[in-house]
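Structural overview
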Amino acid sequence: MAFVHYTVKKIVHGLGAIKEAANEVKNLKGSKAFIVTDPGLAKIGVQKPLEEALTAGGIEWKLYAEAQLEPSMDSIQHCTDEAKAFGADVIIGFGGGSALDTTKAASVLLSNEGPIDKYFGINLVPNPSLPCILIPTTSGTGSEMTNISVLADTKNGGKKGVVSEYMYADTVILDAELTFGLPPRVTAMTGVDAFVHAMESFCGIAATPITDALNLQAMKLVGANIRQAYANGKNAAARDAMMYASALAGMGFGNTQNGIIHAIWRIFVLFQQPFDQAPHSSSCTFFLLPVYCAVFTKQVRQFLRDCNKLIMLIEIFDGLWFCESIVEGKLFRGQSEFFTLGGSSGN
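Residues numbered from 1 in each chain as written. Predicted model: local features only at pLDDT ≥ 70, side-chain atom pairs only at ≥ 80, totals over all residues. Heavy atoms only, no water.

1. Focus on the side chain of Thr187
Mapping Thr187 onto the fold places it in helix H6 (residues 184–203). Its relative accessible area of 3% is what places Thr187 among the buried residues. When sequence neighbours within four positions are dropped, the list of residues in contact with Thr187 reads Leu182, Ala229, Tyr230 and Arg239. (Helix = DSSP H or I, 4+ residues; strand = E, 2+ residues; numbered from the N terminus. Buried < 20%, exposed > 50% of the residue type's maximum accessible area, 1.4 Å probe, protein only. Contact = heavy atoms within 4.5 Å.)

Spelled out as structure tokens, the structure:
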């Protein structure tokens, strides 16, 4: 059986990598960069290192700090209109999953006729997107590595995705220094989200030797570093490892799709309060433990392709049990803190 593995074109990574932003814009033949982020991040100035790097490199830029927590068809059109008015030749997504999903969808409309709902589905985008750089500020969604944008369908209700090979970023910049200011609770929730992505992809029937290698390393990195990142947000080694874990998981599940935890989450979002208002990552954390327990039942175990995968999961999970305190009675507290710091739209 033949497999095909897709991923982004280029990854610039390491502490301080944000300083390469201007060079990456120039490599894409760009001179006018349109930065997409959310109001919370802009308010506390997390994007300042990006702005400084672009200015120092002679790149004209404009900040669009209106990405919505739950991107919709209307918000994508507004972002696109603003980018066109600026004359952008490169679009930069900066933030969590919501800002990155907004950027990917807007990049489509900057080189394809709208509205965006014309492209709900798989590989319906006819032309390459505007050159795109994605820069995550959390270690969880993996959205920077995927070719999907999940949007609210304001015409028919629900959430739908635009999936296209043209939506892979031209360049991804991974700089863990951008995550040093994340509060412990957000660090834990987004970190477990990354683990869930990797675990579901690792156990899924679409897994391949390549995605297995990516997902296994991602889970090991989360298990070995999430405690340290939680306890000391300025632990550079731990933050760096968590950033890599999120990206590796994104490379994995972007080729296999998600699994049962995300499926359960989507049902609860539709029918059960308060999950419809909870951040995606905290909801996935809530469902992780019961699904993990179910892995050991005979019915679920047979879906794992071999016993070695089960043994690996048992070993890796030992590093995650401390996150249980997040779930017990604390799931929906402090949501505003999460929203302010660039939460995910839910991949």
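And the narrative resumes.
2. Considering helix H7 (residues 209–231)
The end-to-end C-alpha separation of H7 is 34 Å, in line with the 33 Å expected for 23 residues at 1.5 Å each. A bend of about 45° at Asn225 is the largest found in H7. (Expected span 1.5 Å × (residues − 1). Bend = angle between axes of the 7 residues up to and from the residue.)

3. Points about the sheet that holds strand E1 (residues 11–13)
Taking strand neighbours across the sheet as the criterion, the six strands line up as E1-E9-E6-E4-E2-E3 in an open arrangement whose pairing is parallel. Of all the strands in the sheet, the pair left with one neighbour each is E1 and strand E3 (60–64). Averaged over neighbouring strand pairs, the angle between their axes works out to 20° when direction is ignored. Bridging between strand E6 (residues 132–136) and strand E9 (residues 171–174) involves two bridges; their strand directions are parallel. Within E9, the position partnered with Ile133 by the bridge is Thr171. Lying on the sheet, helix H5 (residues 97–109) is in contact with strand E2 (32–36), strand E4 (90–95) and E6; it crosses E4 at an angle near 165°. (Pairing = 2+ DSSP bridges. Axes fitted to C-alpha atoms, helices over the stretch in contact; angles between N-to-C directions.)

4. Brief notes about the packing of aromatic side chains
A full pass over the atoms with the stated rule returns three aromatic pairs. Look at Tyr6 and Tyr168: their rings are 6.5 Å apart centre to centre, the planes differ by 20°, and that puts the pair in the stacked class. One end of the pair, Tyr6, is in the segment before E1; the other, Tyr168, is in the loop between strand E8 (159–163) and E9, with 162 residues separating them in the sequence. On the basis of relative accessible area, Tyr6 is assigned to the partly exposed category, the value being 36%. By relative accessible area, Tyr168 is classed as buried at 6%. Where Phe34 meets Phe86, the ring centres are 6.4 Å apart and the plane angle is 40°; that geometry is what we call tilted. Remark: Phe86 occurs in helix H4 (residues 73–86) and Phe34 occurs in strand E2; sequence separation between them is 52 residues. Comparing Phe34 with Phe86 shows no difference in burial state: the two are buried. By the ring-pair criterion, three or more aromatic residues cluster together here, those being Phe34, Tyr64 and Phe86. For Lys32, the ring lying beneath its charged end belongs to Phe86, and the centroid distance is 4.6 Å. (Phe/Tyr/Trp six-rings, centres within 6.5 Å; stacked < 30°, edge-to-face > 60°. Lys NZ or Arg CZ within 6 Å of the ring centre and 35° of its normal.)

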